[in-house]
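Chain and residue survey
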Amino acid sequence: MTDGLVALRPFTPGDRKRLAELADNVNIFRNLRDGFPHPYSEADAERFIDMAMKCEPPQLFAIEYRGEYVGNIGIHPKKDIYRLGAEIGYFLGEDYWHLGIMSRAVKLACEYAFRELGMIRIDTGVFDYNVASQRVLEKCGFIKEGVFRKSVIKMGRICDEVRYARLKEADF
Ligand SMILES: CC(C)(COP(=O)(O)OP(=O)(O)OC[C@H]1O[C@@H](n2cnc3c(N)ncnc32)[C@H](O)[C@@H]1OP(=O)(O)O)[C@@H](O)C(=O)NCCC(=O)NCCS
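Notes on the structure in this doc start here. This is a predicted model, so every value here is computed, not measured. (Residues numbered from 1 in each chain as written. Predicted model: local features only at pLDDT ≥ 70, side-chain atom pairs only at ≥ 80, totals over all residues. Heavy atoms only, no water.)

Some remarks on unusual backbone geometry
- Along the chain, His-38 connects to Pro-39 via a cis peptide bond; the corresponding omega equals -5°.
- In this structure, Pro-39 sits in the loop between α2 (26-29) and α3 (42-54).
- Along the chain, Glu-56 connects to Pro-57 via a cis peptide bond; the corresponding omega equals 0°.
- Even without glycine at this site, Arg-66 takes up a positive phi of about 50°.
- Of note, Arg-66 is situated in the loop between β2 (60-65) and β3 (68-77).
- What makes Arg-66 exposed here is its relative accessible area of 63%.
- At Lys-150, a position not held by glycine, the phi torsion is positive, near 50°.
- Within the fold, Lys-150 resides in strand β6 (residues 143-154). (Helix = DSSP H or I, 4+ residues; strand = E, 2+ residues; numbered from the N terminus. Buried < 20%, exposed > 50% of the residue type's maximum accessible area, 1.4 Å probe, protein only.)

A few points about the sheet that holds β2
- Strand order in the open sheet made by the seven strands is β1-β2-β3-β4-β5-β7-β6, with mixed pairing throughout. Each edge of the open sheet carries a strand with a single partner, namely β1 (6-9) and β6. This sheet shows a mean twist of 30° between the axes of neighbouring strands, independent of strand direction.
- Pairing analysis gives four bridges linking β1 to β2, with the strands arranged antiparallel. The partner of Leu-8 across the bridge, within β2, is Ile-63.
- Those strands touched by helix α5 (residues 131-139) are β4 (85-92), β5 (121-127) and β7 (157-167), and its axis lies near 160° from that of β5. (Pairing = 2+ DSSP bridges. Axes fitted to C-alpha atoms, helices over the stretch in contact; angles between N-to-C directions. Contact = heavy atoms within 4.5 Å.)

Written out as structure tokens, the structure is:
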């Protein structure tokens, strides 16, 4: 999938070293769940890529910017009665922030989830202090649905989680 500048593609074993370089960064870790390793080793990258390559249909993608691997994005379908919805998650290597890359990547991932995975709703939660990610979601047609007050503890700090969702029929 590509919009000409940003592309989403499946992972390959050759992404291992670069993934560890991109992901081993506390400024990324502070915005993600604790399941995201920190420090982030090449062994962590290998485990992630093995898992990503087993997903069928694919749910985890490498983000390329001008042909270079710069970050990750995932669409995680839910189960049971929530199964027409998916959660989206993403990060970008810090050297590539503020270039508009993630807004493009989120749009591509949503198109894929609606068209190929049959999803009708995509949602996610963002820590209250992560204004950049909230802006990305708003630029991509997500609506703020609520605030889960003091629902998160991250690096010893209690914060609110802001919940966003985009529906398939959204017109923006
Ligand atoms: C959040 C993240 C994905 C943003 O990626 P990006 O490619 O830099 O985002 P974009 O350039 O597409 O858009 C960022 C928007 O936020 C705005 N922004 C950035 N920092 C901001 C800040 N501190 N306050 C207000 N707005 C901010 C930018 O101006 C831009 O909006 P604009 O286009 O209207 O000017 C990236 O910083 C990242 O990977 N962070 C760490 C991991 C993470 O937070 N993942 C998401 C968890 S929910």
